[in-house]
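Residue strings, one per chain:
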Amino acid sequence: AGVNVLLVCPGLTVSDFHKRSSWIEAGKDDSAYPKMLWKDSDEVAKMVVKSIKNRRSVLIPGILNKVIAFTSSSLPGNWTKKITAVVAKGRRTR
């Protein structure tokens, strides 16, 4: 049997990931990001399982995340880098 691969682009997911990675500093809240961008980790996990069962190759949960992914892949690379730099400014700790 062959190997199937699922690329998951969950976007902002409610978990400890952002705090542990220092993306969001410990002691600060995550309100800088609109609540509508956040997905529940259990919901994302269920979507992953369903996508694996349906033999999908890409999973981008949420309409807004799909729009962001499509838009960023449609822009010239240097524009995407500049936008990412603005969004990430002041959040890097390493």
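The notes below deal with the structure included here. (Residues numbered from 1 in each chain as written. Predicted model: local features only at pLDDT ≥ 70, side-chain atom pairs only at ≥ 80, totals over all residues. Heavy atoms only, no water.)

**Let's talk about the overall build of the chain**
Secondary structure assignment for the chain yields 4 helices and 4 strands. What you see in the chain, going N to C, is helices and strands ordered as β-β-α-β-α-β-α-α. The buried share among the 94 residues of the chain stands at 17%. The long-range share in the chain, meaning contacts at least 24 apart out of those at least 6 apart in sequence, stands at 71%. Accessible surface, the chain: about 7400 Å² in total, of which carbon and sulfur atoms supply 61%. (Helix = DSSP H or I, 4+ residues; strand = E, 2+ residues; numbered from the N terminus. Buried < 20%, exposed > 50% of the residue type's maximum accessible area, 1.4 Å probe, protein only. Contact = heavy atoms within 4.5 Å. Areas by Shrake-Rupley, 256 points an atom, 1.4 Å probe, with all protein chains shown as cover.)

**Section: a nonpolar patch on the surface**
Taken together, the side chains of Met-36, Ile-63, Leu-64, Val-67 and Ile-68 define a hydrophobic patch exposed on the protein surface, amounting to about 500 Å² of accessible area. Its location among the elements puts Ile-63 in helix α3 (residues 63-74). Residue classification places Ile-63 among the exposed positions, given a relative accessible area of 67%. (Patch = residues over 30% accessible without salt bridge, like charges linked within 9 Å, V, L, I, M, F, W, Y side chains within 5 Å. Salt bridge = Lys/Arg side-chain N within 4 Å of Asp/Glu carboxyl O.)

**Topic: the environment of Leu-6**
Locating Leu-6 in the fold gives a position in the segment before β1 (7-8). For Leu-6, a relative accessible area of 22% translates into the label partly exposed. It is 7.2 Å that separates the C-alpha atoms of Leu-6 and Leu-59, two residues lying 53 residues apart in sequence. Filtering out sequence-adjacent residues up to four positions away, Leu-6 remains in contact with Val-48, Ser-51, Ile-52, Arg-56, Ser-57, Val-58 and Leu-59.

**Concerning the side chain of Ser-51**
Tracing the backbone shows Ser-51 in helix α2 (residues 41-53). A relative accessible area of 3% places Ser-51 in the buried class. Those residues within four positions of Ser-51 in sequence are excluded, and the remaining contacts are Leu-6, Arg-56 and Leu-59.

**Concerning the environment of Thr-84**
The residue Thr-84 is located in helix α4 (residues 77-88) in this model. On a C-alpha basis, the gap between Thr-84 and Ser-72 in space is 9.6 Å, while along the polypeptide they are 12 residues apart.

Purely geometric numbers; function is a separate question.
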